[in-house]
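Listed below, chain by chain, are the residues.
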Amino acid sequence: MNTLPIFLASVVQAAPSAPSGATVGGALGTVGLLAIATAIVGLVLVEFVWKSRLAVSTYRWLMLLGLLVLPAFAVVGSTGNTFEHMKSVEACGSCHVMNQFVDDMHDPGSASLAARHFASGAIPKDQCYACHTSYGLFGSAAAKRDGMRHWTLYATGMWKEPIVFSGSYPNANCVGCHAKQPEFRNEPSHQALTVELTNDRIACHSCHGLPHPSRTERGGDLISTMNGR
Amino acid sequence: MRALLFQDPIRTAVVVQLVGLCLLTGAFFGISAFGIGMWMLGIGLLLVGVVLYLSAVLSDLRRRQAI
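An account of the accompanying structure is given in this report.

What counts, and at which threshold
- Residues numbered from 1 in each chain as written.
- Chains lettered and ligands numbered in written order.
- Predicted model: local features only at pLDDT ≥ 70, side-chain atom pairs only at ≥ 80, totals over all residues.
- Heavy atoms only, no water.
- Helix = DSSP H or I, 4+ residues; strand = E, 2+ residues; numbered from the N terminus.
- Buried < 20%, exposed > 50% of the residue type's maximum accessible area, 1.4 Å probe, protein only.
- Contact = heavy atoms within 4.5 Å.
- Areas by Shrake-Rupley, 256 points an atom, 1.4 Å probe, with all protein chains shown as cover.
- Polar contact = N/O pair within 3.5 Å; in protein donor to acceptor, adjacent residues only side chain to side chain.
- Phe/Tyr/Trp six-rings, centres within 6.5 Å; stacked < 30°, edge-to-face > 60°.
- Axes fitted to C-alpha atoms, helices over the stretch in contact; angles between N-to-C directions.
- Parallel < 35°, antiparallel > 145°, perpendicular 65-115°, else oblique.
- Left-handed = near helix turned anticlockwise from the far one by under 90°.
- Nonpolar A, V, L, I, M, F, W, Y, C, P; charged D, E, K, R; others polar.
- Buried area = accessible area lost by both parts, 1.4 Å probe.
- Salt bridge = Lys/Arg side-chain N within 4 Å of Asp/Glu carboxyl O.

Focus on the overall build of chain B
Counting its regular elements, chain B contains three helices and zero strands. Overall, chain B shows an N-to-C arrangement of helices and strands of α-α-α. By its C-alpha atoms, chain B is 50 × 25 × 10 Å across when sized along the principal axes. Expressed as a percentage of its 67 residues, the buried residues of chain B come to 43%. When contacts within chain B are restricted to residue pairs at least 6 apart in sequence, those whose partners lie at least 24 apart make up 51%. Per element, the accessible surface of chain B, about 3700 Å² overall, is 71% carbon and sulfur.

Dropping the structure here:
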């Protein structure tokens, strides 16, 4: 029995559509900024201007609001805003260790899968996020969690060379978009390898080339290309 | 700083919180590793501020034998 149509149908149904217009992250960002501004102004006024004029209980309640409640909104809002912006290529490229990957993707002469996808305009925005997010209920959350972990390692200087991709790259990430194309569905080799592709026993890039330049092509360990580290 | 911490821990908490809130804004102005580092530090300072405030209030209540 050919399971390719079932596999494709399940992946395509799970594929998220790109957000348009207002986003939850953007709304949370606005809430966060308002909370930060209100907390700063309120704390300064209550602690440094009005303190002597306020009853102790009023002062304590206002402090609770300014030190606990508003900062909680600020943290939730700024986290939502950060998670929203984490999708952008600029976010991934903000760590110098990713420069070679981002530069390669923007290079029209590169033959890597990432560069070919970028050159074709197949993924209009947030290209890193589009390919590195697994489909399914927790795919987006897992991608953002990984992004946050990478940023933490980078900001604290705890990352180690050589940078390696941990985990696996499921074919469903590719098929999520390609399954819609008749060229993919009608390709005899895809139909012949349905079971292997569905079970990730054969990776898409084993036939279609590396997604990014190999370590040798990147010039060895990334640390040697960085100044001051 | 040490004198301020012991003489008026609530004011210290407010100062720490103000610095933390300012650092949180790092996440809003352009996405960068530096901004995110500031944001993470800001969250840490907010936690420190809250702990300082709560411990100050609790110790005050205990001193007055309210709890």
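As for the side chain of Thr133 of chain A
Residues and elements named next belong to chain A. With respect to the secondary-structure elements, Thr133 resides in the loop between α7 (127–132) and α8 (139–155). Residue classification places Thr133 among the buried positions, given a relative accessible area of 9%. Only 2.5 Å separates the side chain of Thr133 from the backbone oxygen of Tyr129, close enough to count as a polar contact. Excluding residues that lie within four positions of it along the chain, Thr133 makes contacts with Gly139, Ser140, Ala143 and Asn173.

Details of the packing of aromatic side chains
All names here are of chain A. The final tally for this structure, using the stated rule, is one aromatic pair over all chains. A centroid spacing of 6.1 Å and a plane angle of 15° characterise the contact between Tyr154 and Trp159, whose relative ring orientation is stacked. By relative accessible area, Tyr154 is classed as buried at 15%. For Trp159, a relative accessible area of 9% corresponds to the buried category.

Quick word on the packing of helix α2 (residues 24–49) of chain A against helix α2 (residues 9–24) of chain B
In contact at an axis separation of 10 Å, α2 of chain A and α2 of chain B are set at 155° when each is read in the N-to-C sense. It follows that α2 of chain A is roughly antiparallel to α2 of chain B by the angle criterion. For the pair α2 of chain A and α2 of chain B, the crossing hand works out as left-handed. For the pair formed by α2 of chain A and α2 of chain B, the contact residues are Ile36, Ala39, Ile40, Leu43, Val44, Glu47 and Phe48 of chain A on the first element and Ile10, Arg11, Val14, Val15, Gln17, Leu18, Leu21, Cys22 and Leu24 of chain B on the second. The residue inventory of the contact of α2 of chain A with α2 of chain B, partitioned by class, reads 13 nonpolar, one polar and two charged.

Some thoughts on the interface of chain B and chain A
Between chain B and chain A, the contact holds 28 residues from the first and 37 residues from the second. Summed over both sides, the interface between chain B and chain A buries roughly 2700 Å², with carbon and sulfur atoms accounting for 78% of that surface. Interface area lost by chain B to chain A is led by Phe28, Ile31 and Tyr53 of chain B, which between them contribute 24%. Here chain B and chain A share three salt bridges between them. Residue Lys51 of chain A pairs with Asp8 of chain B through a salt bridge whose shortest N-O separation is 3.4 Å.

A short note on unusual backbone geometry
You will see that Asp200 of chain A, though not glycine, has its phi angle at about 60°, which is positive. In this structure, Asp200 of chain A sits in the loop between α12 (194–198) and α13 (204–208). Assessed through its relative accessible area of 39%, Asp200 of chain A is described here as partly exposed. For Gln65 of chain B, which is not glycine, the phi torsion reads 55° and is therefore positive. If you trace the backbone, Gln65 of chain B turns up in the segment after α3 (33–63). Judged by relative accessible area, Gln65 of chain B falls into the exposed class, the value being 71%.

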